[in-house]
Amino acid sequence: MPAPGGDTIDPLSAYTCPICFCPPTYATLTPCGHVCCGECIFTAVKTSLARTMGMMPREANLARCPVCRATIPGWDGKGGGVIGLKPRTVLSL
Ligand SMILES: [Zn+2]
Ligand SMILES: [Zn+2]
């Protein structure tokens, strides 16, 4: 039986990854303030970078937030440019 209002929910666990629509696994924060799963954001950025590479090679090193398309300065595909809220060895240098 859910409590009316449900205001005891922890904001992070109540958050839904905008990519897979599940509570974020290894939540990762982008500079623009979006929280996604570490795996989701890395996969999404990698995919869009590969696509950009085919169309606009000059912008292929410009990682963008998969949610709002803001650039992610310092992205290196290994955890650079984003903040892991739950650090994981794979995502840190
Ligand atoms: Zn996700
Ligand atoms: Zn964003």
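Residues numbered from 1 in each chain as written. Chains lettered and ligands numbered in written order. Predicted model: local features only at pLDDT ≥ 70, side-chain atom pairs only at ≥ 80, totals over all residues.

J.: Pulling in residues and values, what's your account of the overall build of the protein?
T.: Scanning the protein from terminus to terminus reveals 2 helices and 3 strands. For the protein, the N- to C-terminal ordering of α and β elements is α-β-β-α-β. Per-residue burial for the protein yields a buried fraction of 23% across its 93 residues. Sequence separation of at least 24 residues holds for 35% of the intrachain contacts in the protein that already meet a minimum separation of 6. (Helix = DSSP H or I, 4+ residues; strand = E, 2+ residues; numbered from the N terminus. Buried ≥ 20, exposed ≤ 12 C-beta atoms within 10 Å, placed from the backbone. Contact = placed C-beta atoms within 7 Å.)

J.: Can you lay out the sheet that holds strand E3 (residues 83-84) for me, pointing to particular residues and giving the numbers?
T.: Strand pairing within a sheet occurs via backbone hydrogen bonds; the two strands may be parallel or antiparallel. Taken in spatial order, the 3 strands of this open sheet run E2-E1-E3, and their pairing is antiparallel. Two strands lie at the open edges of the sheet, namely strand E2 (35-36) and E3, each paired on one side alone. The sheet contact formed by strand E1 (residues 28-29) and E2 spans 2 bridges and is antiparallel. Opposite Thr28, over in E2, you have Cys36 as the bridge partner. (Pairing = 2+ DSSP bridges.)

J.: Go over the nonpolar core, please, and point to the residues and values.
T.: Membership of the largest hydrophobic core comes to 15 residues, with the highest contact counts inside it found for Cys36, Cys37, Cys40, Ile41, Val45 and Ile72. Contributing elements (two or more residues each) for this core: E2 and helix H2 (38-55). The biggest single contributor to this core is H2, with 5 residues. Contacts of Val45, omitting those with residues within four sequence positions, involve Ala63, Pro66 and Trp75. (Core = buried A, V, L, I, M, F, W, Y, C linked by C-beta atoms within 7 Å.)

These figures come from the coordinates and say nothing about function on their own.
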